[in-house]
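Overview (structure and organization)
What follows is each chain in one-letter form.
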Amino acid sequence: MFIGLIFIFLLYSLLATIFLELYATIFALRAKLLQKAIRRMLMDGAADADNLLGDLGRWLAAPFRRIFSKASETDKSAYTQFFDHPSIKYLGEGRIFRRPSYLHGHNFSQVMIDLLRGPGYDGRTTNESTLIRDALEQDKLKLPSDTKRQLEMLFANSKQDASQFKHKLEDWFEEMMERTTGWYKRQTQFLLIIIGFILAWNFNVDTIAIAQILMKDDDARARIVDMAIAREKTYGAIIDSVGIKKVKVIKTYKNNGDTTAIEMVTDSVVFPGASKDYLDSTRQQLLKDAAEVQGILGLKGIPDHIDSTSCNVKVHYLDSLLKLPMDTAAHANLVKLRAETYTCCLKKNAHPSNPYQQSGPIVIFFGWLITALAVSLGAPFWFDLLNKFVKLRGTGPQVSNTSAIDNGSKGNTTAAGNPVKDNNNNDIKG
């Protein structure tokens, strides 16, 4: 039962993740999240309230904000200069999504140092560290007080060495990206609850009814478990392709001629997601799996346009037959056939009757709500749990060799079932 229930939660968690990733890809949500992080770094975060509803509102409204507003031509803040810099601007995908969806730490440090030292630096005559120090002292970038103080502190901690300052800027950026990943996880968990409930309602994923079916229906339970084992690797590959990525960062420091490399592995959301074509094909695959699961459980499936049209034609044909004169028995049989055909059509908002969903709408609602909460835990959680249960199911005590008993042997035998011999190679009896 547990493997089946976990597999169903994994399936719908993946579906919810795919829908969320499609929205994020279409509306460039990662680019918006990156902009928020840079804004907090270079503008003290004055424009952003750090709360869930505020972030969510800006997130959902982001695709439409560009249509109705344009940045001021006179806006020369460090934030604007950063994104207008060629090293950043040309990382965007095109005219619609002009700003990049991800950056590496060296992109950030390179642009910030270039903005601080100014356009006159040619790398030959002027000392780079002196230009950076003068830019901070004279506040050439018109930085907010806290941002200016942060940069001055990083420059002082690097002993006013431009090379060390570059590493300090990269560390600062990567720390901010870790926090950005936290924002993304918090926001997506909230959105996954909403998407999960919509999926549960639309596909009738009633956890309470499903648990009863898996406990009492041996055939349904066995088929779901077989399906879970068969899809395990496929779903693992999907999880690896979408969502938050594990990013390996190798940083090299030089101290008195000695080079030290430090390797770090961190979560990163500001990273290129899966392509829209991949998300679309994966969505279709998961919808087919969901239809198969719901068919096994006997709950409402996902309507298929072709099948639904075919069923409707059959229903209309049976309705025309029922208008013809016939005896009572034939009429009763046609009525029964018509009812069965109508149920198979799975029309929109028509939930086929299921013996495990007879407790009323309130219980069904709580079943959907449990599904939504389970989906919000995320596909990686359920995939890891499924792996553990599948491995646990595959282990257990090995059956000992009982060939001697099965063969009814009355003589002394070895563990392999062969007779025991004496020194003269005769069988030992008794």
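It should be emphasised that the depicted structure is a prediction, and the values quoted were computed from it without experimental measurement.

The rules we used
- Residues numbered from 1 in each chain as written.
- Predicted model: local features only at pLDDT ≥ 70, side-chain atom pairs only at ≥ 80, totals over all residues.
- Heavy atoms only, no water.
- Helix = DSSP H or I, 4+ residues; strand = E, 2+ residues; numbered from the N terminus.
- Expected span 1.5 Å × (residues − 1).
- Polar contact = N/O pair within 3.5 Å; in protein donor to acceptor, adjacent residues only side chain to side chain.
- Contact = heavy atoms within 4.5 Å.
- Axes fitted to C-alpha atoms, helices over the stretch in contact; angles between N-to-C directions.
- Parallel < 35°, antiparallel > 145°, perpendicular 65-115°, else oblique.
- Left-handed = near helix turned anticlockwise from the far one by under 90°.
- Nonpolar A, V, L, I, M, F, W, Y, C, P; charged D, E, K, R; others polar.
- 1 Å grid on protein atoms, 1.4 Å probe; cavity = no way out; pocket = protein on both sides within 12 Å on 5 of 7 lines; lining within 4 Å.
- Points joined across faces, edges and corners; volume = space filled by probe spheres on them.
- Core = buried A, V, L, I, M, F, W, Y, C linked by side-chain atoms within 4.5 Å.
- Buried < 20%, exposed > 50% of the residue type's maximum accessible area, 1.4 Å probe, protein only.

With 42 residues, helix α9 (residues 162-203) extends 59 Å between its outermost C-alpha atoms, agreeing within 8% with the 62 Å of an ideal straight helix rising 1.5 Å per residue. The backbone nitrogen of Ser-163 lies 3.2 Å from a side-chain oxygen of the residue at the head of α9, namely Asp-161. Backbone geometry just downstream of α9 places Asn-204 in the positive-phi region, at approximately 55°.

As for its placement among the helices and strands, Ser-158 is situated in the loop between α8 (145-157) and α9. Other than its neighbours up to four places away in sequence, Ser-158 contacts Gln-164, Phe-165 and Lys-168.

Now for the packing of helix α1 (residues 2-26) against helix α12 (residues 276-297). For the pair α1 and α12, interaxial distance at closest approach is 10 Å and the crossing angle is 150°. Considered as vectors, α1 and α12 are oriented roughly antiparallel to each other. α12 is crossed by α1, and the crossing has left-handed handedness. Here Phe-7, Ile-8, Leu-11, Tyr-12, Leu-14, Leu-15, Ile-18, Phe-19, Glu-21, Leu-22, Thr-25 and Ile-26 of α1 come into contact with α12, specifically with Lys-276, Leu-279, Asp-280, Thr-282, Arg-283, Leu-286, Leu-287, Asp-289, Ala-290, Val-293, Gln-294 and Leu-297. Per-class residue counts for the contact of α1 with α12 are 16 nonpolar, 3 polar and 5 charged.

What follows concerns empty space enclosed by the protein. Summed over the entire model, instances satisfying the criterion amount to 1 cavity of 30 Å³ or more. Here the largest cavity defines a volume of roughly 40 Å³. For the largest cavity, the full set of lining residues is Asp-206, Ile-208, Ala-209, Gln-212, Tyr-356, Gln-357, Gln-358, Ser-359, Gly-360, Val-363 and Ile-364. Counting only elements with at least two residues in the lining of the largest cavity, the list comes to α10 (207-216) and α15 (361-376). Considering each element in turn, the lining of the largest cavity owes the most residues, 3 residues, to α10. Residue composition of the lining of the largest cavity, grouped by class: 5 nonpolar, 5 polar and 1 charged.

Glancing now at the nonpolar core. Counting residues in each nonpolar core, the largest one holds 51 residues, and the members touching the most others are Leu-10, Tyr-12 and Leu-297. Looking at this core, the elements with two or more residues in it are α1, α9, α10, α11 (218-241), α12, α15 and α16 (379-394). Broken down by element, the residue count for this core peaks at 15 residues, all from α1. If we ignore the near neighbours within four places in the chain, the residues touching Leu-10 are Tyr-235, Ile-239, Ala-379, Trp-382, Phe-383 and Leu-386. If you look at the next biggest cluster of nonpolar residues, it comprises 35 residues, including Ala-78, Leu-141, Leu-154 and Phe-155.

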